[in-house]
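Commentary on secondary and tertiary structure
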Amino acid sequence: MSGHSKWHQIRHKKAKEDVKRGAIFSKLSRAITVAAREGGGNPETNAALEAVIQKARDFNMPADTIERAIKKGTGELAGVHYERLVYEGYGPSGVAIMVDVMTDNRNRAASDMRHIFTKHNGNLGTSGCVSWMFEKRGHILVDKSEKVDEDELLAIAIEAGADDINITETQYEIVMDPARLAAVRKVLEEHGIEFVSSQITMLPKNAVSIKSREGAKKILHLMDALEEHEDVQEVYANFDIPDKVMEEVEAASPAAGTS
């Protein structure tokens, strides 16, 4: 799913830029707090907390900020009570979309999600309408380069506990059980293998191919609008945009996939 992989890469680059204005830290703090509240404050026994703490470290979040977020989740410090919600619906071209939200105002979040979907030619659906099309997986992206030998990477990843590697024109997608993400990541780091992103995500079981530039622009604009919302943590979708179409979108408007 080359186009979807490229979206992961665009999101990661955008998140790096968001660090400059603190936007990503706010979202990560919420995620850490909720994970600690739901599964405890010890990352060694709370895989969800371990994963989001690692993500926070990847974006250079200060250790004391991470610690405060954990303590808010465990009740050691006072803080806003956030609840985790998942919204499901369809975007342009029938693309299935799941939106992971953490909010302190359920009614506001529902209203905002409905407005964004409608504004961008989509429809907010009911719980369960698209979730069956996705599965939770550990996911690591590695760029192809002369430094990475394909056979060696495959052997290292599988030995570390990965289930599969999907190969695109520009990247390797390493897929595994969510519980194995930290272990696979650690082995890659020990072998000096750099990666674009490492996360627990919802991967689509099948894809909707977006073959036109206009179609791609529409779905990317919806994805951007959802991810810009302060309550939104993650957006998952089952679109596949071929590299050639993504290149056309970027050539027509350099900000098309990042604004």
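Counted under the stated rule, the structure contains 0 aromatic pairs. Geometry around Tyr172 places Lys144 over its ring, the cationic atom sitting 5.6 Å from the centre.

Within the secondary structure, Val95 is located in the loop between strand 1 (83-90) and strand 2 (96-103). A relative accessible area of 0% means that Val95 is categorised as buried. Sequence-wise, Val95 and Ser209 are 114 residues apart; in three dimensions their C-alpha atoms are separated by 8.9 Å. Each residue touching Val95, except ones within four places of it in the same chain, is listed here: Gly89, Tyr90, Val208, Ile210, Ile219, Ala237, Asn238 and Phe239.

Okay, the environment of Ser131 next. Assignment of secondary structure puts Ser131 in the loop between strand 3 (123-124) and strand 4 (134-143). Among the residues examined, Ser131 registers a relative accessible area of 25% and is labelled partly exposed. Distance from Ser131 to Ile97, taken between C-alpha atoms, is 8.4 Å for residues 34 residues apart in sequence. Not counting the four nearest positions on each side in its chain, Ser131 is found in contact with Glu88 and Met98.

Across the sheet, 4 strands lie side by side as 5-6-4-7; this open sheet has antiparallel pairing. Unpaired on one side and paired on the other, strand 5 (164-167) and strand 7 (197-204) mark the two borders of the sheet. Averaged over all pairs of adjacent strands, the angle between their axes in this sheet comes to 35 degrees, without regard to strand direction. Relative to strand 6 (residues 171-176), strand 5 runs antiparallel, the two being bridged by 4 bridges. Within the sheet, the bridge partner assigned to Asn166 lies in strand 6 and is Glu173.

For any two helices packed against each other, the geometry is given by the interaxial angle and the distance between the axes. Running from N to C, helix 8 (residues 213-228) and helix 9 (residues 243-252) point in directions that differ by 75 degrees, and their axes come no closer than 9 Å. One element, helix 8, and the other, helix 9, form an angle in the roughly perpendicular class. For the pair helix 8 and helix 9, the contacting residues are Arg213, Ala216, Lys217 and Leu220 in the first and Val245, Met246, Glu248, Val249 and Ala252 in the second. In the contact of helix 8 with helix 9, the residues fall into 6 nonpolar, no polar and 3 charged.

As summarised here, the arrangement of the 4 strands in space is 3-1-2-9, forming an open sheet in which the pairing is antiparallel. A single partner strand is all that each edge strand has here, and the edge strands are strand 3 and strand 9 (232-237). Taken together, the 8 bridges between strand 1 and strand 2 define a ladder with antiparallel strand orientation. If you follow Tyr87 over to strand 2, its bridge partner there is Val99. Packing against the sheet, helix 8 makes contact with strand 2 and strand 9, and its axis sits at approximately 160 degrees to strand 9.

What follows deals with helix 9. Within the span of helix 9, buried status applies to Asp243, Val245, Met246 and Val249. Taken end-on, helix 9 shows its buried residues confined to a sector of 160 degrees, consistent with a single buried face. For helix 9, the exposed residues lying more than 90 degrees away from the buried face are Lys244 and Ala251.

This part is about the pattern of salt bridges. Overall, the coordinates contain 12 salt bridges when judged by the stated rule. We note a salt bridge from Arg108 to Asp104, for which the minimum N-O separation is 3.2 Å. Residue Arg108 is classed as partly exposed on the basis of its relative accessible area, which comes to 29%. Among the charged side chains, a salt-bridge network with shared partners connects Arg30, Asp104, Arg108 and Asp231.

What follows concerns the nonpolar core. One recurring pattern in soluble globular proteins is that nonpolar side chains are buried together. If you look at the biggest cluster of nonpolar residues, it comprises 26 residues, and the most contacted ones within it are Ile97, Val99, Ile219, Leu226, Phe239 and Ile241. Contributing elements (two or more residues each) for this core: strand 1, strand 2, helix 5 (106-119), helix 8, strand 9 and helix 9. In terms of residue count, the dominant contributor to this core is helix 8 (6 residues). With near-sequence residues (within four places) excluded, Ile219 lies in contact with Pro92, Val95, Ile97, Phe239 and Ile241. Ala35, Ile53, Ala56 and Ile66 belong to the second largest nonpolar core, which has 19 residues in total.

Reading the values: rules and limits
Residues numbered from 1 in each chain as written. Predicted model: local features only at pLDDT ≥ 70, side-chain atom pairs only at ≥ 80, totals over all residues. Heavy atoms only, no water. Phe/Tyr/Trp six-rings, centres within 6.5 Å; stacked < 30°, edge-to-face > 60°. Lys NZ or Arg CZ within 6 Å of the ring centre and 35° of its normal. Helix = DSSP H or I, 4+ residues; strand = E, 2+ residues; numbered from the N terminus. Buried < 20%, exposed > 50% of the residue type's maximum accessible area, 1.4 Å probe, protein only. Contact = heavy atoms within 4.5 Å. Pairing = 2+ DSSP bridges. Axes fitted to C-alpha atoms, helices over the stretch in contact; angles between N-to-C directions. Parallel < 35°, antiparallel > 145°, perpendicular 65-115°, else oblique. Nonpolar A, V, L, I, M, F, W, Y, C, P; charged D, E, K, R; others polar. Arc of directions from axis to C-beta. Salt bridge = Lys/Arg side-chain N within 4 Å of Asp/Glu carboxyl O. Core = buried A, V, L, I, M, F, W, Y, C linked by side-chain atoms within 4.5 Å.

These figures come from the coordinates and say nothing about function on their own.
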